[in-house]
Structure formats: C-alpha cells, structure tokens
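Spelled out from the first residue to the last, the chains are:
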Amino acid sequence: MQSRSLHAFLALHQFGTVTAAAQAVHLSPAAVSVQLRNLEDELGVELFVRTGRSILLNDRAHQLVPLARQILDLQAEMASLGSSSVLKGRLALGVITSTLSGGLPGVLKRLSADHPSLELRITAKRSPDLALQVEAGVLDAAVISMPPPHVSTSLCFLELYTEPLALVMSSQRHFTSVKKMLQEHPYIAFDKTTWIGKQIESSITDCGISVRPAMELDSHDAVLSLVRHDIGVTVLPVLKGPTRHDGALKFVDLPDSYRTVCLAVRPANSSSRATQVLLSCFREFGQSSPPSK
C-alpha cells in the first residue's frame, strides 16, 4: 500500500475537501482524486460518498483512519531495519515559517544532498497547525516551537536547539533599557495566538514590563521589516543563522528567555531511522550556529 495514497486520504480526513488536501500534500486536486481512487481499488471497498463536487468519508473510511496512521508508522519502522544509513522513499516534513528566514534552508539542502534517494516534501506553517498535521498522519515530522505545558497531544517533542528571545530595534535607535524601549516606543507584537507569541508575552510580563502593542503581526519577516524602518521595536526569537548580523538591526537578549525548537513526531516514529537522521542534522545545526553576542 503506497504511502502517497494514505497521506492523501488522511489529508482529506483532516481538511475536508480535495482542494485543501491537495495543498497539504503538495499534489494537484486531480492527483489526490487519483490517489483516493487507487486506495479504494486496492482495498476493494468504497470509502467515500461522492455528491457533485464534494467527497465525504463513509463509515468504512472512518474505520480506516487509525489503521492508515498505523500503516505509515509501520512503514517507517520497517525502513529502519536495513543496514544502510541513507534514507530512501518519501518524507513529509513540516517547518515553522520563521525558520526559513534563518539558517534552516541550508540544513534542508544538506539533507537532500546526503540522502539523494529521499523525496523530501516541506510544509511551512505555524507550530500548532504543524503539530496537528503530524498527529493526523499528514506529516511524518515537524520542526516547531516547543508547545506550552497545557497543550494536550499524543506527540513526542524532541529538543533540537534553543534561540534567545531578544528586544529588537533599529540600529539607529539608542538603547536605554528593555523596559524603556518597550514602553516609550511603538511595540510591534508577534501574533499572541501562536505558541511563541504567548511565550513572548509571558517573558515580557515576567520582566515586570507592561506593554500595549501598536500592531500585532503573524509574520517574523514582516515584524523585522517594520523594525528595520524604525517604525517600532519588538521582541522575537533570534533565529539561528545570519539574523543577528543584520546591520540594520540591534539585539538585546532578554535574561533567561529562550524559544526551544523541537522535532514533533508520533510516538511510534520516535526511534525510527528517519527521526534519528533529522535529530542529528538539526542538532548539529543548532550547535554549529554562531554563539549569541
């Protein structure tokens, strides 16, 4: 049974439409429809109720959902039995969007070079969305922010590296103190509905600082762009890679405040070869990045 068909099936289960499922698995809607037909043909049962342009899972399809996740986990476990250290097949990996502005693209390039037979499919979204897709079986793993303690999930979160939270301002501004900079200048907040947004808000509060955001954005790059133009100041994680060396920006680390980046996997995949390769690559990346200044 092909993993591509199972990923398409689980994406349809999670997102509800062929179009949304196609976006999640990086295929065209027509290709997803073919994969769903192939799955029905292989099992010899009807799994969907097709009415006009809509397609719904029937009772047998809902029974298949947990089995499909188990099959994907077993396939990953079977792939770990061989003696070769080179990964093959297809790996659906999620990454938080902000990391693509740092040094992460270099890691992905190296991963592809070291494992040329690996079909690596990358999905970039927010941490909560990626965690849900890993749990649903749409993604095999995801590089995300460590979730808050109250988040209920069945996933395993394996620490990769940390990134300090820092006050970020235009290099043209004169630094006085973190409190004065945040209270005396327009504060550009990162989306407080995200995990990292909540952590930033909590870290500012722990410093005994009260702020009133002038604006709130959900894009790391967009926030930094406004700060570069001296429109305001912000608090963000300093991404691994070249970010801290941006000559248009000035960084002041908050005391004992870090964002932990982790690898989210389903428990059955926590010791698979693919997981071990990902852990090795991303932890090496975290250790080799220039130290904070």
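Below is a summary of the structure that appears in this document. Keep in mind that this is a model prediction, so the values were computed, not measured.

**Side note on unusual backbone geometry**
Positive phi values are uncommon outside glycine, yet Asp 230 reaches one of about 60°. With respect to the helices, strands and loops of the structure, Asp 230 is situated in the loop between helix 9 (220-228) and strand 9 (234-237). Judged by relative accessible area, Asp 230 falls into the partly exposed class, the value being 25%. The backbone of Asp 256 sits at a positive phi, close to 55°, despite the residue not being glycine. Counting through the fold element by element, Asp 256 comes out in strand 10 (residues 249-265).

**Quick notes on the pairing of strand 5 (residues 141-145)**
For strand 5, the buried fraction is high: 5 of the 5 residues fall into the buried class. In this structure, strand 5 lies alongside strand 10, joined through 5 bridges in antiparallel fashion. Across the sheet, residue Ala 142 finds its bridge partner in strand 10, namely Ala 264.

**Here we look at the pairing of strand 6 (residues 156-170)**
Here strand 6 pairs with strand 10 via 13 bridges, running antiparallel. The residue of strand 10 that forms the bridge with Phe 157 is Ala 264. With 4 bridges joining them, strand 6 and strand 9 adopt antiparallel strand pairing. Following the sheet pairing, Leu 165 is matched in strand 9 by Pro 237.

**A few points about the layout of surface pockets**
In this structure, the second largest pocket occupies an estimated 290 Å³ of space. Taken together, 21 residues form the lining of the second largest pocket, with Ile 96, Thr 97, Ser 98, Phe 190 and Asp 218 sitting closest to its centre. Sorting the residues of the lining of the second largest pocket by element identifies helix 6 (127-136), helix 8 (195-206), helix 9 and strand 9 as the ones contributing at least two each. Here the element with the most residues in the lining of the second largest pocket is helix 8; it accounts for 3 residues. Taken together, the residues of the lining of the second largest pocket sort by class into 8 nonpolar, 8 polar and 5 charged.

**Focus: the packing of helix 2 (residues 18-25) against helix 3 (residues 29-43)**
Here helix 2 crosses helix 3 at 95°, and the two axes come no closer than 8 Å. It follows from the interaxial angle that helix 2 and helix 3 lie roughly perpendicular. The segment helix 2 lies against helix 3, with Val 18, Thr 19, Ala 22 and Val 25 engaging Pro 29, Val 32 and Ser 33. Of the residues contributing to the contact of helix 2 with helix 3, the split by class is 5 nonpolar, 2 polar and no charged.

**Observations regarding the environment of Glu 159**
Here Glu 159 shows up in strand 6. Since its relative accessible area comes to 43%, Glu 159 is described here as partly exposed. In sequence terms Glu 159 and Ala 264 are 105 residues apart; their C-alpha atoms lie 9.0 Å from each other. Those residues in contact with Glu 159 that sit more than four places away from it in its chain are Thr 260, Val 261, Cys 262 and Arg 283.

**Some details on the sheet that holds strand 9**
In space, the 6 strands of this open sheet follow the order 4-3-5-10-6-9, with mixed pairing throughout. Taken across any chain shown, the strands that pair with only one partner, and hence form the sheet edges, are strand 4 (118-125) and strand 9. Each strand of the sheet is rotated relative to its neighbour by a mean of 20°, with strand direction disregarded. The pairing of strand 3 (residues 89-96) with strand 4 spans 8 bridges and is parallel. Within the sheet, the bridge partner assigned to Ile 96 lies in strand 4 and is Lys 125. Its contacts with the sheet put helix 5 (residues 104-114) on strand 3 and strand 4, and the angle it makes with strand 4 is roughly 160°.

Definitions and limits used
- Residues numbered from 1 in each chain as written.
- Predicted model: local features only at pLDDT ≥ 70, side-chain atom pairs only at ≥ 80, totals over all residues.
- Heavy atoms only, no water.
- Helix = DSSP H or I, 4+ residues; strand = E, 2+ residues; numbered from the N terminus.
- Buried < 20%, exposed > 50% of the residue type's maximum accessible area, 1.4 Å probe, protein only.
- Pairing = 2+ DSSP bridges.
- 1 Å grid on protein atoms, 1.4 Å probe; cavity = no way out; pocket = protein on both sides within 12 Å on 5 of 7 lines; lining within 4 Å.
- Points joined across faces, edges and corners; volume = space filled by probe spheres on them.
- Nonpolar A, V, L, I, M, F, W, Y, C, P; charged D, E, K, R; others polar.
- Axes fitted to C-alpha atoms, helices over the stretch in contact; angles between N-to-C directions.
- Parallel < 35°, antiparallel > 145°, perpendicular 65-115°, else oblique.
- Contact = heavy atoms within 4.5 Å.

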